[in-house]
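Working through the structure, step by step
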There are 2 protein chains.
Amino acid sequence: MAIEPFDVVDLIRIKRDRGVLNTAQIRWMIDAYTRGYIADEQMSAMTMAIFLNGMERTEIRDLTLAMIDSGERLKFDGLSKRTTDKHSTGGVGDKITLPLAPLVASFGVAVPQLSGRGLGHTGGTLDKLESIPGWRASLTNEDFYSQLEDVGAVVCAAGSGLAPADGKLYSLRDITGTVESIPLIASSIMSKKIAEGTAALVLDVKFGSGAFLQDPARGLELAETMVQLGTDAGVATTALLTNMNVPLGYAIGNANEVRESLEVLAGGGPSDIVELTLALAREMLALAGQPDADVESALQDGRAMDTWRRMISAQGGDPDATLPVARETLVVRATHSGVLVEQQALPFGVAAWRLGAGRARKQDPVHHAAGIDLHAKPGDAVTAGQPLFTMSTDEPERFERALQAVVGAYRIGNVGDEVLTGGPLIAGRIG
Amino acid sequence: MAIEPFDVVDLIRIKRDRGVLNTAQIRWMIDAYTRGYIADEQMSAMTMAIFLNGMERTEIRDLTLAMIDSGERLKFDGLSKRTTDKHSTGGVGDKITLPLAPLVASFGVAVPQLSGRGLGHTGGTLDKLESIPGWRASLTNEDFYSQLEDVGAVVCAAGSGLAPADGKLYSLRDITGTVESIPLIASSIMSKKIAEGTAALVLDVKFGSGAFLQDPARGLELAETMVQLGTDAGVATTALLTNMNVPLGYAIGNANEVRESLEVLAGGGPSDIVELTLALAREMLALAGQPDADVESALQDGRAMDTWRRMISAQGGDPDATLPVARETLVVRATHSGVLVEQQALPFGVAAWRLGAGRARKQDPVHHAAGIDLHAKPGDAVTAGQPLFTMSTDEPERFERALQAVVGAYRIGNVGDEVLTGGPLIAGRIG
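Residues numbered from 1 in each chain as written. Chains lettered and ligands numbered in written order. Predicted model: local features only at pLDDT ≥ 70, side-chain atom pairs only at ≥ 80, totals over all residues. Heavy atoms only, no water.

Topic: the interface of chain B and chain A
Convention followed: By the convention used here, residues are in contact when the closest approach between their heavy atoms is within 4.5 Å. Accessible area that two parts lose when put together, evaluated with a 1.4 Å probe and summed over both, is termed the buried area. By convention in these notes, a salt bridge is any Lys or Arg side-chain nitrogen within 4 Å of a carboxyl oxygen on Asp or Glu. Whenever a nitrogen or oxygen atom comes within 3.5 Å of another N or O atom, the pair is scored as a polar contact, on the condition that within protein one atom can donate a hydrogen and the other can accept it, and that pairs from neighbouring residues in sequence are kept only if both atoms are in side chains. Working definition: helices are DSSP H or I runs of at least four residues, strands are E runs of at least two. Numbering for both runs from the N terminus. Residues are sorted three ways: Asp, Glu, Lys and Arg are charged, Ala, Val, Leu, Ile, Met, Phe, Trp, Tyr, Cys and Pro are nonpolar, and all the rest, Gly among them, are polar.
Contact with chain B, which involves 21 residues of that partner, is made by 21 residues of chain A. Carbon and sulfur atoms make up 64% of the surface buried where chain B meets chain A, a total of about 1800 Å² over both sides. Scanning the region where chain B abuts chain A turns up 4 salt bridges. For Glu180(A), the salt bridge identified is with Arg13(B), shortest N-O distance 3.6 Å. Taken together, the links from chain B to chain A amount to 9 residue pairs in polar contact (both at pLDDT 80 or more). Counting only elements with at least two residues in the side of chain B that touches chain A, the list comes to α1 (8-16), α3 (40-53) and α8 (164-176) of chain B. Among the elements that take part in the side of chain B that touches chain A, α3(B) stands out by supplying 10 residues, more than any other. By residue class, the composition of the side of chain B that touches chain A is 9 nonpolar, 6 polar and 6 charged.

Quick notes on helix α3 (residues 40-53) of chain A
All names here are of chain A. For the record, the criterion: Expected span of a helix, by definition, is 1.5 Å for each gap between consecutive residues, and there is one gap fewer than residues. Summary of the burial criterion: residues with accessible area below 20% of their type's maximum are buried, those above 50% are exposed, and those between are partly exposed, where the area comes from a 1.4 Å probe applied to protein chains only.
Taking 1.5 Å of rise per residue, 14 residues should cover 20 Å, and α3 covers 20 Å from first to last C-alpha, within 8% of that figure. Counting buried residues in α3 gives 12 out of 14 residues, a clear majority hidden from the surface. Residues Glu41, Gln42, Met43, Ser44, Ala45, Met46, Thr47, Met48, Ala49, Ile50, Phe51 and Asn53 constitute the buried set of α3. Trailing α3 by a residue or two, glycine 54 shows a phi angle of about 75°, which is positive.

Things to note about the sheet that holds strand β8 (residues 338-343) of chain B
Residue and element names in this part refer to chain B. The following threshold applies: Note on pairing: two strands pair once DSSP finds at least 2 bridges between them.
In space, the 3 strands of this open sheet follow the order β10-β8-β12, with antiparallel pairing throughout. Taken across any chain shown, the strands that pair with only one partner, and hence form the sheet edges, are β10 (381-382) and β12 (410-413). As judged from the 4 bridges shared by β8 and β12, these two strands associate in the antiparallel manner. Within the sheet, the bridge partner assigned to leucine 340 lies in β12 and is isoleucine 412.

Comments concerning the relation of the copies chain B and chain A
We count it as follows: Residues below a pLDDT of 70 in either copy are left out; the C-alpha atoms of the rest, at least 70 in both, set the least-squares superposition of the copies.
Its rotation angle being 179°, the transformation that places chain B on chain A also includes 0.0 Å of axial translation and leaves an RMSD of 0.1 Å. Each copy turns onto its partner about a two-fold axis. Residue Glu41(B) of chain B places its C-alpha closer to the rotation axis than any other residue of that unit, at 1.7 Å. Most of the interface of chain B is mirrored in chain A: 100% of its interface residues are interface residues there too.

Focus: the sheet that holds strand β11 (residues 387-393) of chain A
Residues and elements named next belong to chain A. Where we set the bar: The axes used here are C-alpha line fits, helices contributing only the stretch in contact, and every angle between their N-to-C directions lies in the interval 0 to 180 degrees.
With respect to topology, 4 strands assemble into an open sheet ordered β6-β9-β11-β7, the strand pairing being antiparallel. Bordering the open sheet on either side are β6 (251-253) and β7 (328-333), each of which pairs with just one other strand. This sheet shows a mean twist of 15° between the axes of neighbouring strands, independent of strand direction. Summarising the sheet, β6 and strand β9 (residues 371-374) pair through 3 bridges and their orientation is antiparallel. The residue bridging glycine 253 from the neighbouring strand is glycine 371, located in β9. Against the sheet, helix α11 (residues 255-265) touches β6 and β9, its axis set at about 145° to β6. Across the sheet, helix α16 (residues 399-406) lies against β7 and β11, angled at about 140° from β11, the strand it touches most.

Let's talk about the pattern of salt bridges
All names here are of chain A. Counting across every chain of the model gives 45 salt bridges over all chains. Two residues, aspartate 166 and lysine 192, come together in a salt bridge whose shortest N-O distance is 3.5 Å. Placement of the pair is aspartate 166 in helix α8 (residues 164-176) and lysine 192 in helix α9 (residues 182-195), with a sequence separation of 26 residues. With relative accessibility at 3%, the residue aspartate 166 sits in the buried group. According to the relative accessible area criterion, lysine 192 is partly exposed, its value standing at 34%.

Pasting the structure below:
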């Protein structure tokens, strides 16, 4: 039996008493947890101590590197293209990856988007794409590399071999109330992204009612922490700090978000989606050596759409297939005329989730046609009787709880009233 | 399947965010944990949040009552005597229960001392008594009650039916670094003591290097918390706040602590043991309606010793048997002449533990003859070559690590140097 160099209770006590764990301690802790020597109950006491007492930058770096080393690390050495990737911390109506990945790839760079599924009120990119008939999220390593070389854009499921310690730790945090911690979020995201082997990374860090971290100052701290982690690990990293107080675009769900993404790829679409897609594309291309790429034209002239079609086809999807439509709809109308002054992201995300667009447990299926289509956005004038939003589901018994979620979440005021959006869409840039 | 009224993650978040849990939430939490619905990893996140964010008095009361209700509660209604009990938070060389229980019982009151075994550097009363040939810690309920009625004093193992939630929680705290928390210590001790059904209780709350809580102010807070809990539950409760910076008496171990207790019962013994035994006896008897009991005489005239002999015999022990003696001894001598100015409790407790007097894991046996006998106490003049203490063990390979434990733990200074004892033995009284 190997002799363990540390006692886990000693390490918990250090963090509990606001001390700093050193590199050897953190590396041992993650390794011992991965191989099951440290028990879940010990690690959950540690994560609560980290949640409440924080971590120094050196500890977050060591934690991230230790989680990377718990698994394999992808390499794109053989690729003829430069790699550039994007990660969003998650939001309501956030379908940006769908137009963004093909747009950026249309400039000859590789976008290896290893994505997750949604849990709770935030949607998952794979769930959205799976509403396209035939499209599959799982690729062999060979298919992944050849699609990256040929098409440039790949959105697929991350293998379980990347940062397995993070997978184990995330499941634990989910059931022990320790999700919303900057050191733990930063190391979780960055360990996976660095292990994925991308040369460049743009982070879309959300703040506001629909984000993990509501306070912009904490969003900024998270963004700065992650940019530092990426930079230290040799990944060219920047971040945009973006407003998640209001849903992104008009569609919240799965199939409807694909429809809205297609509008953007066709040169149209909601202005907020277009603005964020273009801003992120510019960041990604700048890091890949194309700071002056004319991303707007690539949406207008069909180059991004062409890449989209090739990307969907390469993964078995039919880009011309009809997307699923829900069996039942319920339209909510304006009770009086005025101006829509408020539309909170979180309640609308929860409502879409309750309609079936999201899942409560990992193993649950999602209903691809379920969701919400907004017909007005904050600042829009509305008249009495006008549709404000439409709820869609295959199971009409879900309407009641979905409606409950949005009670008080939107408000029609008078002309001249303050419109509550929490500021501009893009609040800052870090990098 | 019953519907659960709360979500444990919500409750963890409340405590994590410095909120206050209400009675229904705490009762449900302890019940759900006892029946296994709440997982250990969830409860350990909760205990770390309690450790770091504390609990209000109402929460500590609710937690204590919920743990009592997780099991059975003893009743002494049929007894002709009044019951009075003592609990020490644990120390080095703390054998006070041994002379104290028969001394108090000799005044016609019942002392139902349900005790534990030692873990780590603090010894357990049952371990000490088990060094008496034939003595057994387990009694049937019938034998327990009849010994209380006939002899008055019973020291025996607590059944697992008392506050089982506390047993489960204590094991968890032990491996997750959440032992030294006032709300958790107070509720753990008081749930067991209240469930034991005693009418009166005197607490010996330790502070100093050999105690759980080193800071006297935190010891005072713990004492006040426990006195309040007992009083609220209808148990007449007082506490003494006592100094645990220096080992109690001269003997640290098991058999040697019984020998020292016999000296006290014979009217002699170390002055600190006598002082604390008498002070606690006066408290216990005052709560049992005998504020003027002449406890000093009962030690001098053999009444306490008679009760001791009956107590040991009733549990199968031979009060005249020879106590075990270790096979090997090692004498540590003064390197120069002067005054012993320091003798730290914790290192000497650890050394005795390493000699075999204590156990590292619950299932380990203790060596009854192992331990340390001190030959000088702080303030004593010593001459070069004079024995300072003797280490005893059956396994001489243990000497090295035991000696390491006491390096720097004692010091010979010059006449007139400050003697570091951390103040008087009894620092305060609460009640």
